[in-house]
Amino acid sequence: MKKANNKTPGGETHQTTDEQHPVLTTNQGIHVSDNQNSLKAGQRGPVLLEDFMLREKIFHFDHERIPERIVHARGSAAHGYFELYESLSDITKADLFQRAGEKIPVFTRFSTVAGGAGSVDTPRDVRGFAVKFYTKEGNWDLVGNNIPVFFIQDAIKFPDLIHAVKMEADKGYPQAASAHDTFWDFISLMPESTHMIMWAMSDRTIPRSLRTIEGFGIHTFRLVNENGKSTFVKFHWKPRLGLQSTVWDEALKLQAADNDYHRRDLFESIEMGDYPEWELGMQLFDQQTADALPYDVLDSTKLIPEEVIPVKIVGRMVLDRNPDNFFAETEQVAYCPANIVPGIDFTNDPLLQGRLFSYLDTQKSRLGTANFHQLPINAPKCPYMNMQRDGMMQTNVFKGRANYEPNSLDMAGEESGPRECPVTGFTSFKGRPEMEEQGDRLRIRPESFADHYSQARLFFRSQTENEQAHIASALVFELSKVVLEHVQLRVIANLRNVSEDLAARVADGLGVELPAKSPSAAPVQDFDASPALSIQQNMKATLKGRCVGILIADGSDADMIGKLQEEIEKAGGTSKLVAPKVGGVMLSDNTKVKADGQLMGSPSQIFDAVAVILSADAATKMLKEAAAIQWVMDAFGHLKAIGYNSDAKPLLDKANVVEDEGIKEISRQFVKAASTRFFEREPSVRTLA
Ligand code: HDD
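Residues numbered from 1 in each chain as written. Predicted model: local features only at pLDDT ≥ 70, side-chain atom pairs only at ≥ 80, totals over all residues. Heavy atoms only, no water.

1. As for the side chain of E682
Here is the rule: Secondary structure elements are taken from DSSP: a helix is a run of H or I of four residues or more, a strand is a run of E of two residues or more, and numbering for both begins at the N terminus. Exposed residues in this analysis have more than 50% of their type's maximum accessible area, buried residues have under 20%, and partly exposed residues fall in between, with area computed by a 1.4 Å probe over protein chains only. Here a polar contact means two N or O atoms within 3.5 Å. Within protein one must be a hydrogen donor candidate and the other an acceptor candidate, and residues neighboring in sequence count only if both atoms are side-chain atoms. In this description, contact between two residues means that some pair of their heavy atoms is separated by no more than 4.5 Å.
Residue position: E682 is located in helix 20 (residues 682-685). For E682, a relative accessible area of 1% translates into the label buried. Within the structure, E682 has its side chain in polar contact with the side chain of R686 (distance 2.4 Å). Here E682 is in contact with V247, N466, H470, L639 and L688, once residues within four sequence places are set aside.

In structure tokens, the structure reads:
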């Protein structure tokens, strides 16, 4: 038993009956005599109302759930640290960016957006990427996504966007899916969402692992140095393992195979000491550069290609500790883009400005009290004190009379409490040129936000041919679930502004006539392609973070299995043995080996590559085992490497596996192949739009 379990949250050790077992008590500290039976009148009589132990236990249980987040309800998180590579004191006075090599604690939560807390990990959805930096000057929250742009330009549209994507108001479904009428109806009427739609329909929204996604702060922020000079910044997180995604059929099957696929992967990799890591990058630029760009840096539906302003890598984040308690930490953590430290500041991005209100507000409704900042996961790790008092669930016991400021109680020999400090205190950046343009009060979108298609086109043109086909196919899939034909047509009409080719492919995939092109508010421009926007051009051929499933049965070659596992480990990967019975198999050398997973419960979509090592007898039996045939067939269809011994070959034949670069006899070449995917195989296994 963990020692910590012997303690109350307050840290007092309960009186123990012996070394191991502390006494169970009620919440009032009364020792519990019997935790198995309620108090009854007589042997079979009614339960008595006076049973305070029963009532307290059930009362607490009844209130164990809190309202889930209205968006990003399903998430997983981990503790870790941020380490700075070089001092950035010339561009920011933020304490966390001053001293190279210094590490500060972080808590990072990843999430899907649309689904409820109990939904699956692998729907097609944007992933939240929220980092709380516990700096010495207070908490800084960088609350981003795995996509560098957003659906809308103005926060006033956020409730509409979320209402449209969540379960339909009357039906209560679909859960965690954008493939339905209301989402696409809204999108089709909001051309500004087109750029983000390109990303959402790309493989970015079906990641292989949370460890292989990028993160983005999205908005343009400011860094401010000691002299008050401001530099614009866009924040990027780059995964050490490179980008990796699944293919759509695989993502669909993962939803059946393992609802917790990403959560488990994150947890297990940290448990194994294989710590997820990202580098923090910054795109830094001044006002003059911003003014010269052909899009507005205050518009969150636009990005700045890395090829235009490079990403300067400034540090790394390592996640090295799983939460001790999911509810206390992952569920109760409260991020807020308004949590900012001296040296970092906002811009007039209208989406950001709306967010600055929403998060604090939602925490009150979700966590039930204005004192949510006192929860250990939310509390700053630096001293904090002010004159805010009382409120529901106040856990501090403040001493003395001074609960207002200014006061002069120190003159009476009493504690007078904290005072403001103009030197170290947060001062807002003053010289926002956007402010100078301030004139009449207007409910408008600036002209500079009007180009909704050029960057959508840029994104599409920056993808490989295979990635473009995935986007077209994703659009066909999603729109095929849309019952309202006028909505399908309006989406395609908008797409014609992005790419005529894409629009024609989607129309063809749906079997509808190509509609007239929708008008564009601004001329569509052709920007230079940005290879940094493609996943396939940024994947790393590495076994690190990848897992190979090895299918074995009685009589499998022990030596071959051992050597393969060794090679995989040497290359930085992991392997799992899959067998018809989880208890294990008797290998060729008469040793019994336990399986990590049973065949039916461990379909090949949970692995990055597969190997089949079977005796001739076992291979013959497997020819009548649908799960085994499907295992190989899916690995082939999901473009994975397949290794095999010659006796297992009939199983590959039965699964219609055709030799290519990814199909290898068990060897070092197979291990090498296992570190990548074979996208060139795709046209032979499915028809893409
Ligand atoms: Fe948001 C949660 C990211 C726009 C209102 N948002 C939330 C989370 C992430 C983001 C990652 C989950 C944090 C966690 O793990 O607890 N949101 C974004 C990004 C946006 C964005 C990257 C655009 C650039 N959000 C946005 C707008 C509004 C909100 C425009 C409202 C006007 N977001 C919320 C919220 C949530 C939230 C309702 C729900 C739970 C929470 O805040 O704590 O306030």
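2. Let's talk about the packing of helix 3 (residues 181-189) against helix 13 (residues 485-495)
Applicable threshold: To define axes, lines are fitted to C-alpha atoms, for helices over the stretch in contact only, and angles between the resulting N-to-C directions are given on a 0 to 180 degree scale. Here the word oblique covers every angle except those under 35 degrees (roughly parallel), over 145 (roughly antiparallel) and from 65 to 115 (roughly perpendicular). By definition, turning the near helix anticlockwise from the far helix through less than a right angle yields a left-handed crossing, and turning it clockwise yields a right-handed one. The residue classification treats Ala, Val, Leu, Ile, Met, Phe, Trp, Tyr, Cys and Pro as nonpolar and Asp, Glu, Lys and Arg as charged. All others, Gly included, are polar.
Close contact between helix 3 and helix 13 brings their axes to 9 Å; oriented N to C, the two are set at 40 degrees. As summarised for this structure, helix 3 and helix 13 are arranged oblique, according to the angle between their axes. The interaxial crossing formed by helix 3 with helix 13 has left-handed handedness. Here helix 3 contributes W184, D185, I187, S188 and L189 to the contact with helix 13, which in turn contributes V487, R490, V491 and N494. When grouped by side-chain class, the residues that make up the contact of helix 3 with helix 13 number five nonpolar, two polar and two charged.

3. Quick notes on unusual backbone geometry
Cis geometry marks the peptide bond from Y173 to P174; its omega dihedral reads 5 degrees. Checked against the element boundaries, P174 lands in the loop between helix 2 (158-165) and helix 3. Geometrically, the link from E405 to P406 is a cis peptide bond, its omega value of 5 degrees lying close to zero. Tracing the backbone through its elements, the reader meets P406 in the loop between helix 9 (350-367) and helix 10 (433-436). You will see that A176, though not glycine, has its phi angle at about 50 degrees, which is positive.

4. A closer look at empty space enclosed by the protein
For the record, the criterion: Using a 1 Å grid laid over the protein atoms alone, points where a 1.4 Å probe fits but cannot get out form a cavity; open sets with protein on both sides within 12 Å along at least 5 of 7 lines form a pocket; any residue with an atom within 4 Å of a point counts as lining. Grid points are joined across faces, edges and corners, and a volume is the space filled by probe spheres set on the points. Start and end positions for the domains come from either an automated domain assignment or a database one.
By the definition in use, this model includes eight cavities of 30 Å³ or more. What the largest cavity holds in volume is close to 150 Å³. Lining the largest cavity are 18 residues; nearest its centre among them are P148, F216, H236, L303 and I304. The residue makeup of the lining of the largest cavity, split by class, is ten nonpolar, four polar and four charged. Residue contributions to the lining of the largest cavity reach at least three from each of two domains, namely domain 2 (75-374) and domain 3 (454-536).

5. A word on the domain arrangement of the protein
Examined at the domain level, the protein breaks down into domain 1 (1-36 + 47-64), domain 2 (75-374), domain 3 (454-536) and domain 4 (546-685). Computed from C-alpha coordinates alone, the two centres of domain 1 and domain 2 are separated by 39 Å.

6. Observations regarding the UniProt feature "active site" (unreviewed entry) in the protein
The test is simple: UniProt positions are given in the numbering used here, feature names are shortened, and annotations may be inferred rather than shown by experiment.
Feature annotation in UniProt places "active site" (unreviewed entry) on H72 and N145, given in this structure's numbering. These residues run over 74 residues, yet every pair of their C-alpha atoms falls within 10.4 Å of each other. Within the secondary structure layout, H72 lies in the loop between helix 1 (52-62) and strand 1 (75-84). Setting aside its immediate chain neighbours within four residues, H72 contacts R109, S111, T112, V113, G128 and N145.

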